[in-house]
Each structure stands twice: as C-alpha cells, then as structure tokens.
Amino acid sequence: MAEAGIDYSAVFQALPGMVALLTPEMAYADVNQEFLRISGRTRELMVGRYVFDVFPDNPGDPAASGARNLRASLQRVLATGERDSMALQRYDVESLERPGEWEERYWSTVNAPVLGPDGQVVLLVHRVEEVTELIKARGTRGSRTQVLEAELYARARELQEGNERLRAAHAREREVALALQDAMLPALGPIGHHRAAVRYQPAVGSLNVCGDWYDLVDLPGDRIGVAVGDVVGHGLQAAGVMGLLRSALSAASRVAEGPAQALEVLGLYARSVEGAENTTAVETCVDWDTHTITYSSAGHPPPALLHVDGTVEFLDQATDPPLGARPEHIARPQATTTFTEGDTLVLYTDGLIERRHEDIDTGLGRLADSLVHHLGTAPEALADALLLDLLPTVGTTDDTALVIVQL
C-alpha cells in the first residue's frame, strides 16, 4: 500500500483497534480486519468507495448527524493538517442481512493526517472505537464501572456540543475581524508611473489574523514610502490596533525626515495604544531620482531586493527591537542601498517565511530561491507566485501581508 511514493503498510498494520485509511477525497484506501469485523462490511464493499456511500446517515432519523459531524471533522483535518478528536457520536449502521433495518450504534472517533514530502495531506487515518454497549448500559443496573464509563462518554458528548458552539462563535468573530481588516487596509492606488502589487492572505481557519498591514504613500519628488507591519495578537483587537498603527505610520512617513524618524514617532505613539507592544514594522523610502532605498526596521523580517542580475539582497543593515520593547526612547538606525532600473522590492510579514520548528534563515532562503526562479515576472503575477510557492497548502497558522514594487 503506497501513496505519493510512501509505503504506509507497516504503520497501518501496527495501529490497534478499528482503523481505516481515507484518501483526501474521503474514499476508503484501506481498512484493517477489526474495522471490517465490527462494522460488518467486507473489504470489497469499502475500499475505493466514498465513506458516506458506505455509511450514510439513517434516512429514518431526521435528527441523524453522524455523517455531517464526521465530514466536518475530516474537512478540518484536510484544511489544517492537524489531528481532530471527535467525542461520542450516534451513527446508525444499516444491517447487511436485513436491508432497510438500521442498528443503533455509538462511536468515538479520532481523525489524523498523513503528510507527504510537500506538506500536503495525502491520507487520513480514521480510528474508531465502538461504545454502543457502554451507552446502552447507562441507566441500567449494570456494574458500577460500566455505568461510570457510560456517564463519561455522555459527558464527552456534552463537551463536543460545547466545542461546536465555540467553533461557531470563533467563525463569526473571524468573519467580523476579516471584514474590519479589509475595510482598513488601503486599496492600491496610483504611485506615479511605477507598478506595484499588494496581497493580504489570512490564516486558514484561525483567529490568528488581522494583525498584519501594508501601506504605500506618495512622497515629494519621485519618491514613495512602502511599509509593512505585524501586530502581536489576533482577531478584532489586533485589527483595531493595526488600523491605528497603520494610519499613524502613514501620516508620520509623510512628514518625517526618513524611515527611522517615522518609526521613532510610531514607537512613541504605540506606547499609548493598548495591545501595540512588540509590534514589528519596516519602513522604506524609494527614491527614483537617486536610485536609492532608505530603510529602517523595528524587529521585522528584512525586505528583499531582487536585482536584475538574479541576485537577492536582504535589507538587514538597520534593524532595531520591535515597538515598545525599550523602556526609554533611543534613535532608530537607518541604512541606504542602491538599485537599478528593473530591480524588484519585496516587503512581507513573517507568515510568508516562518514555520514552526524551523530557523528563519531557511524561510529566507526559500524566499530568495522563489524570487530568482520568477526573475522578470511582473508584480501582480509575482505576488501570486510567491504565495503559491511559499505558503503551506494546509495548516497556515499566521496571516501574510505582501507588497511588491517594480523599481
């Protein structure tokens, strides 16, 4: 048994209890003997078939929700790449010996992903424990241990219902936060004759969104200011703080003598804004008259400058701690580099490059490789290509802001 060039046979056979392997399309790839024995099905009736064709909900029970709940759990695993434990489910099974007759059955289920070399979910491990006898023992005069076990499973059901309500509330808050974020992030307006692209990509199924921002402003002469930032926190509060800081930096960059002074002003302002502590930001000033980029960073990942000769320069010579990290005010550093016509400036937030349990240099290396691979690509197409190359297909736990300017 292989999928995506990986042999899962030994792992599958070692798993105890009722275990099935499902494809991302939710069809049975394989099932073990215990699954066949307890479900009353044969391998021929299951392997290769859609899960919910093999085990549909009881059509005679309008309240049946087993199939719906299982589908939602499997979809969460596919979307996040993370394990999902289901509490007790009633999921009736049709008798093969007596078609049309449904047996009342109760199950406790855990679904987990198997990831391929590219990080995509290639299989789902579907582990099931039947608890029908325990549930039916509830309220009977069975052994005290049996009754207590039945009570525990009943409480687990109540907990799951509570979790479902929390998920619904989570989804509503996330929707409101994203709408607020979208309203406060500026639409890309004209920046003279120069071409640019912006993107905001929220995390999948997570409230860890709405702290990232970007901004582009026209400055006197043939200059523009480009900035990105990342508020610590998530949801509605982060969206509100993001709006305040973005507006403040946008205003400061128009009157400050340079990026460093703009970030100094922002840092002083951030001290009066609850939730703004440890925000990271980077401000750049692109000057086409002198062909220079002046920049300053407050603890933010370095902008990348893709040169027309295929080399990538990270602007990391003026890095300082995040906003509010120092108890006293100290002037921030500033640096300047040169560019040639046709170079590309890329500013981004950490969601584009950072991964758990991975050194940031690895993510910067991926970014550089992707930029070189797409050398000569226009900003709009390059923005799409970078998101496709660098963001994981599942389990994105942080949002991403991206700005690309053709120099």
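Here we summarise the structure given alongside this text. (Residues numbered from 1 in each chain as written. Predicted model: local features only at pLDDT ≥ 70, side-chain atom pairs only at ≥ 80, totals over all residues. Heavy atoms only, no water.)

Next up on the list: the overall build of the protein. When helices and strands are tallied, the protein shows eleven helices and 20 strands. Sorting the 407 residues of the protein into buried and exposed places 50% on the buried side. Look at the contacts in the protein between residues 6 or more apart in sequence, and 62% of them connect residues 24 or more apart. Of the roughly 19300 Å² that the protein leaves accessible, carbon and sulfur atoms contribute 52%. (Helix = DSSP H or I, 4+ residues; strand = E, 2+ residues; numbered from the N terminus. Buried < 20%, exposed > 50% of the residue type's maximum accessible area, 1.4 Å probe, protein only. Contact = heavy atoms within 4.5 Å. Areas by Shrake-Rupley, 256 points an atom, 1.4 Å probe, with all protein chains shown as cover.)

Here we take up the packing of aromatic side chains. All told, the structure shown has four aromatic pairs when counted by the stated rule. On the basis of an interplanar angle of 75° and a centroid distance of 6.3 Å, the ring pair of Trp 288 and Phe 339 is categorised as edge-to-face. Of the two residues, Trp 288 is situated in the loop between β13 (280-287) and β14 (292-298) and Phe 339 in the loop between β18 (335-338) and β19 (344-348); the sequence distance between them amounts to 51 residues. Its relative accessible area of 10% is what places Trp 288 among the buried residues. Taken together, the ring pairs connect Tyr 28, Phe 35 and Phe 55 into an aromatic cluster. Over the face of the ring belonging to Phe 52 we find Arg 71, whose NZ or CZ atom lies 4.3 Å from the ring centre. (Phe/Tyr/Trp six-rings, centres within 6.5 Å; stacked < 30°, edge-to-face > 60°. Lys NZ or Arg CZ within 6 Å of the ring centre and 35° of its normal.)

What follows concerns the side chain of Arg 199. Among the structural elements, Arg 199 can be located in strand β10 (residues 196-201). A distance of 2.7 Å separates the side chain of Arg 199 from the side chain of Glu 380, its partner in a polar contact. In contact with Arg 199, not counting residues within four places along its chain, are Tyr 214, Glu 380, Ala 383, Asp 384, Leu 387, Thr 400, Ala 401 and Leu 402. (Polar contact = N/O pair within 3.5 Å; in protein donor to acceptor, adjacent residues only side chain to side chain.)

Moving on, we get to the sheet that holds strand β5 (residues 84-90). Spatial strand order, β4-β3-β9-β8-β5: five strands in an open sheet with antiparallel pairing. This sheet does not close on itself; its edge strands, each paired only once, are β4 (28-31) and β5. Ignoring which end each strand starts from, the neighbouring axes of this sheet average 25° apart. Pairing analysis gives five bridges linking strand β3 (residues 18-22) to strand β9 (residues 121-130), with the strands arranged antiparallel. Paired with Ala 20 across the two strands is His 126, which belongs to β9. In the packing of helix α5 (residues 66-80) onto the sheet, contacts are made with β3, β5, β8 (106-115) and β9, and the angle to β5 comes to roughly 175°. (Pairing = 2+ DSSP bridges. Axes fitted to C-alpha atoms, helices over the stretch in contact; angles between N-to-C directions.)

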